[in-house]
Amino acid sequence: MLCACSGEQFKLEEAIPQSPESLATRDFSASGISSRTGNGDWESKLEDAQVDEAESTLKEALSLNYEEARALLGRLEYQRGNFDAALQVFQGIDIRLLSPRMSKAISERTRPRKSRSSRGRNELTGVMSLHSVSLLLEAMLLKANSLAELGRVKEAASECKIILDTVESALPCGTYSEINGDSKLLEMFHRALELLPKLWLQAGSVDEAIAAYRRALLRPWNLDPQRLAKVQKDLAVTLLYGGVEASIPPESKPIGATFPASSTEESILLLFILMQKVVCGEIEWDPEIMDHLTFALAMCGEFESLADHVEQVLPGIYNRAERWYFLALCYSAAGQNSTALNLLKKVSGLSESNYKPHLASFLLGAKVCAQDPAESLDGVKFARRVIDASMNHNEHMLGQAHKFLGICYGNAVMISTSDSERVTLHRGSVNSFSHTLRAGIEDPEISFQLGLENAVQRNLASAFNQAMVYSKTSAGSSARGWKLLARVASAEQRLVDAEAIVDLALDETESIEQLELLRLKALVQTAQEQPKQAIETYRILLALIRGQGENLEKSVNKVEAETSLELDAWLDLARLYSSHELWLDSDICIRKAKATKFYSARTWHETGRLFEAKQQYQDAIASFTVSLSIVPDYVPSIVSTAGILMKMSSRSLHIAKSFLMSALRLEPTSHEAWSNLGLVYKMEGSVQQAVDAFQAAHELELSAPVQSFV
């Protein structure tokens, strides 16, 4: 029968790790059976005879039984780093035989007091004490650690699992408050809970590790909040990066409950719980939790949810600039550029002028502004601040700032109303891109932007060369590179080459990009005067859009892109039918377009063109007016309105001329505006000005792409 240790013995046992000269150590050292030192190195093993003699000494000195003596001796060898000897000692303990008795001891001695008082004390006389159980659990844990140190990780995991099985069989519903009275037993069990999944990960068994983590969280084991959070975080990390899809076992799912559908979703939910604990002050701030949550939500595209959690972080964790920058990244990725830009303007505001410039925020501001021509001037300011702060310091930041500066200059050209200002901005754009190239920065985006800028300025040869460079550096994987190549080829009147480029691009792209290329192909076929082929291409495009419309798991941006493409396809068909005087078919297409998006400037513009083709000028003027009420600067409607005024009455020439000048101020490359302006000059008798206008219209028409470059 295993004898129970007294309180004095417990104190002595606890003191052993701190005092090598304790009673136990002195007893078996005096016997000559302790591990000997030569030049500071312990022997790798103890002989069986020496172990037996050490056990006898410990049992006599401390009144311990066989297993407890081995547990103490093994602990001493483990503390000395003599793992082979410790393992040999621990292997003498038949833990599988003792495990049922240990479970019974834990179960009986941790019962609620009321339940225990009704039983006689004699029934507990043959039950192990909790101290003895703690000592043996520690031995099992040290044995697992010794095996792990010796590289026998799977065996170590199996030994560690025995600890959990022993305690769980005694406490199937978790720990009671009574077990807290023996803190050593609880500590050994908690260590085993934490160690087992780490051992399985070390052994390469990710599934087993995930099961061990879930096992630790399945029942209440009185883990302190920080320790529990560590287990939850480790499980989240393993689920997120483990590369396995570990579903929750059916026996762990209560009936009617909802569970995560994937490992990633389970990981995100765990990280949500941890973030809530941080916000409530239950655990300390851990930057790794936010790092993992950022990665997980970014992979799922849930940037708005990430922004919500960033906003919940307590003040003092991030300074103001970092917080605004983090939030701006989230909102920018979510497509809310205006919100992101407002936050970035705060970073560059007067309240932050006394602090070190936050270059990453300025660079992000330039990038966001580069996506919206209306914000191009603010983008120039952001980029300039990065350039001024990075001069002779950070070449990468400097190169990126020059790239975005060039893009913003190019966008500013489109909204500028002054010819001299356009020339200045265009020169600044080209100089910025050239500066980046001279600095030796290899960025395919710069080649694309240079090609686009040259294409807008109708420098088609240079634009085509830059577009080719971009396609080669991106290995033909970029749809916009293919589209730029096809548009430039169509502007050079190489329509057959343009169609071949689009056909090649269709094999290299997918999803929404493929739909955009199909529309471009139809436009090229229309320009080649192949109406039947163009109509068939539009039919395929609309069928694909309709087929993808049945997919309910699409993002908002993708839905908007498909709606815009469908609208453009119907309006392109309406113009195609109208050009062949198929009024009924054209009218059907326009009605389809209005059903797709009623308040569209182009829809009402095409309605007006149909009325104009039927010589219903009043209705045409009304439709163009509606179009301009939706988008006041819609150039095609401005030009068409001027054309109608010229046809209706010669007394309206000065009004028509005013419309055309406004159109050319907004879009200097509109050949239709130049052609109509030439007619106005001719009707006014200004022959030379008419000749110049017609010449400009002819040259621009020869270099016009089938689809706008921007």
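Residues numbered from 1 in each chain as written. Predicted model: local features only at pLDDT ≥ 70, side-chain atom pairs only at ≥ 80, totals over all residues. Heavy atoms only, no water.

This part covers the overall build of the chain. Looking only at helices and strands, one finds 35 helices and zero strands in the chain. The buried share of the chain, taken over its 710 residues, is 48%. When the accessible surface of the chain is split by element, carbon and sulfur atoms take 52% of a total near 35,000 Å². (Helix = DSSP H or I, 4+ residues; strand = E, 2+ residues; numbered from the N terminus. Buried < 20%, exposed > 50% of the residue type's maximum accessible area, 1.4 Å probe, protein only. Areas by Shrake-Rupley, 256 points an atom, 1.4 Å probe, with all protein chains shown as cover.)

Summarising the element assignment, Ala389 is placed in helix α19 (residues 376-390). Overall, Ala389 belongs to the partly exposed group, its relative accessible area being 33%. For the pair Ala389 and Leu359, spaced 30 residues apart in sequence, the C-alpha separation works out to 7.6 Å.

This part is about the side chain of Ser670. Within the secondary structure, Ser670 is located in the loop between α33 (653-666) and α34 (671-684). The exposure class assigned to Ser670 is buried, which follows from its relative accessible area of 9%. Contact partners of Ser670, with chain neighbours within four places excluded, come to Val635, Val639, Leu664 and Leu700. (Contact = heavy atoms within 4.5 Å.)

A few words now on the pattern of salt bridges. Using the criterion set out here, one finds 35 salt bridges in the structure. Here Glu288 makes a salt bridge to Lys233, at a shortest N to O gap of 2.7 Å. Of this pair, Glu288 sits in helix α14 (residues 287-300) while Lys233 sits in helix α12 (residues 225-241); the two residues are 55 residues apart in sequence, bridging distant segments of the chain. The exposure class of Glu288 is partly exposed, given its relative accessible area of 40%. What makes Lys233 buried here is its relative accessible area of 8%. Of the charged contacts, one joins Lys647 and Glu612 as a salt bridge, the two residues approaching to 3.0 Å between their closest N and O atoms. With a gap of 35 residues between them, Lys647 in helix α32 (residues 635-648) and Glu612 in helix α30 (residues 601-613) connect regions that are remote in the sequence. Within the structure, one salt-bridge network assembled from shared partners comprises Arg519, Asp568, Asp572, Arg575, Arg602, Glu606 and Arg609. (Salt bridge = Lys/Arg side-chain N within 4 Å of Asp/Glu carboxyl O.)

Let us look at unusual backbone geometry. Residue Arg458 is not a glycine yet carries a positive backbone phi of 65°. Mapped onto the elements, Arg458 comes out in the loop between α22 (444-456) and α23 (460-473). At Glu581, a residue that is not glycine, the phi angle is positive and equals roughly 60°. Tracing the backbone shows Glu581 in the loop between α28 (556-579) and α29 (583-596).

On the surface, a cluster of nonpolar side chains totalling about 320 Å² of accessible area is made up of Tyr241, Phe295 and Met299. Looking at where Phe295 falls in the secondary structure, it is placed in helix α14. (Patch = residues over 30% accessible without salt bridge, like charges linked within 9 Å, V, L, I, M, F, W, Y side chains within 5 Å.)

According to the stated counting rule, one finds zero disulfides in the structure shown. The structure places no disulfide on Cys408, whose sulfur is separated from the nearest cysteine sulfur, that of Cys369, by 6.0 Å. You can call Cys408 buried: its relative accessible area is 0%. (Disulfide = S-S within 2.5 Å.)

Turning our attention to the packing of aromatic side chains. Under the definition given, this model contains eight aromatic pairs. Centroid distance Trp285 to Tyr318: 6.0 Å. Interplanar angle 80°. Geometry classified as edge-to-face. With a gap of 33 residues between them, Trp285 in the loop between α13 (263-280) and α14 and Tyr318 in the loop between α15 (303-312) and α16 (320-333) connect regions that are remote in the sequence. When the ring of Phe448 is compared with that of Tyr470, the centres are 5.1 Å apart and the planes differ by 55°; the resulting orientation is tilted. Highlighted residues: Phe448 in helix α22 and Tyr470 in helix α23, separated in sequence by 22 residues. This pair shows no difference in class: Phe448 is buried, exactly as Tyr470 is. Feature note: the residues Trp285, Tyr318 and Phe326 constitute an aromatic cluster, connected by ring pairs. Looking at Arg494, its charged tip hangs above the ring of Phe464, at a distance of 4.7 Å from the centre. (Phe/Tyr/Trp six-rings, centres within 6.5 Å; stacked < 30°, edge-to-face > 60°. Lys NZ or Arg CZ within 6 Å of the ring centre and 35° of its normal.)

So, about the UniProt feature "repeat: TPR" (unreviewed entry) in the chain. This chain's UniProt record puts "repeat: TPR" (unreviewed entry) on residues 601-634 and 671-704. The distance separating the terminal C-alpha atoms of residues 601-634 is 7 Å; by composition the span is 79% helix and 0% strand. (UniProt positions renumbered as here; feature names shortened; annotations may be inferred.)

Here the focus is the packing of helix α26 (residues 511-527) against α28. One way to put it is that α26 packs onto α28 with a least axis distance of 10 Å and a crossing angle of 10°. Considering their axes alone, α26 and α28 lie roughly parallel with respect to each other. For the pair α26 and α28, the sense of crossing is left-handed. Judged by residue contacts, Ser511, Ile512, Leu515, Glu516, Arg519, Leu523 and Thr526 of α26 engage Lys558, Ala561, Glu562, Leu565, Asp568, Asp572 and Leu576 from α28. Residues that form the contact of α26 with α28 fall into these classes: six nonpolar, two polar and six charged. (Axes fitted to C-alpha atoms, helices over the stretch in contact; angles between N-to-C directions. Parallel < 35°, antiparallel > 145°, perpendicular 65-115°, else oblique. Left-handed = near helix turned anticlockwise from the far one by under 90°. Nonpolar A, V, L, I, M, F, W, Y, C, P; charged D, E, K, R; others polar.)

It is worth spelling out the nonpolar core at this point. In terms of nonpolar packing, the biggest core is built from 113 residues, with Ile93, Met102, Val133, Leu137, Leu199 and Met290 touching the most fellow members. Excluding its chain neighbours within four sequence positions, the residues that come into contact with Leu137 are Met102, Ile163, Val167, Leu185 and Met188. (Core = buried A, V, L, I, M, F, W, Y, C linked by side-chain atoms within 4.5 Å.)

Looking at the secondary structure, you find Arg111 in the loop between α6 (95-109) and α7 (113-117). In this structure Arg111 comes out as partly exposed when scored by relative accessible area, which is 27%. Each C-alpha atom, one on Arg111 and one on Leu171, is 9.7 Å from the other, the two residues being 60 residues apart in sequence.

This part is about the confidence of the model for the chain. In the predicted model, the chain carries a mean pLDDT of 84, and 86% of its residues have values of at least 70. A low-confidence stretch, residues 1-47 stays under pLDDT 50, and its non-local contacts, those more than four residues away or across chains, total 87 contacts. (pLDDT = per-residue confidence, 0-100.)

We now examine the packing of α19 against helix α20 (residues 395-415). The description of two helices packed together rests on the angle between their axes and the distance between the axes. The geometry of α19 relative to α20 is characterised by a closest axis approach of 8 Å and an angle of 160° between their N-to-C directions. One element, α19, and the other, α20, form an angle in the roughly antiparallel class. Read as a crossing pair, α19 and α20 show a hand that is left-handed. In this structure, α19 uses Ser376, Leu377, Gly379, Val380, Ala383, Arg384, Val386, Ile387 and Ser390 to contact α20, whose residues at the interface are Met397, Leu398, Ala401, His402, Leu405, Cys408, Tyr409, Asn411, Ala412 and Ile415. When its residues are assigned to classes, the contact of α19 with α20 shows 13 nonpolar, five polar and one charged.

In this section: a negative patch on the surface. Taken together, the side chains of Glu302, Glu304, Asp308 and Glu311 define an acidic patch exposed on the protein surface. Counting through the fold element by element, Asp308 comes out in helix α15. For Asp308, a relative accessible area of 39% puts it in the partly exposed group. (Lys, Arg positive; Asp, Glu negative; His and termini not counted. Charge placed at Lys NZ, Arg CZ, Asp CG, Glu CD.)

We now examine α22. Residues spaced three or four apart along an α-helix point in a common direction, a consequence of the helix completing one turn every 3.6 residues. Under the 1.5 Å per step criterion, the end-to-end length of α22 is 19 Å for 13 residues, consistent within 8% with the ideal 18 Å. Restricting attention to buried positions, one finds in α22 the residues Glu445, Ile446, Ser447, Phe448, Gln449, Leu450, Gly451, Leu452, Glu453, Asn454 and Ala455. Looking at the buried positions of α22, the neighbouring elements they touch are α20, α21 (419-438), α23 and α24 (479-491). (Expected span 1.5 Å × (residues − 1).)

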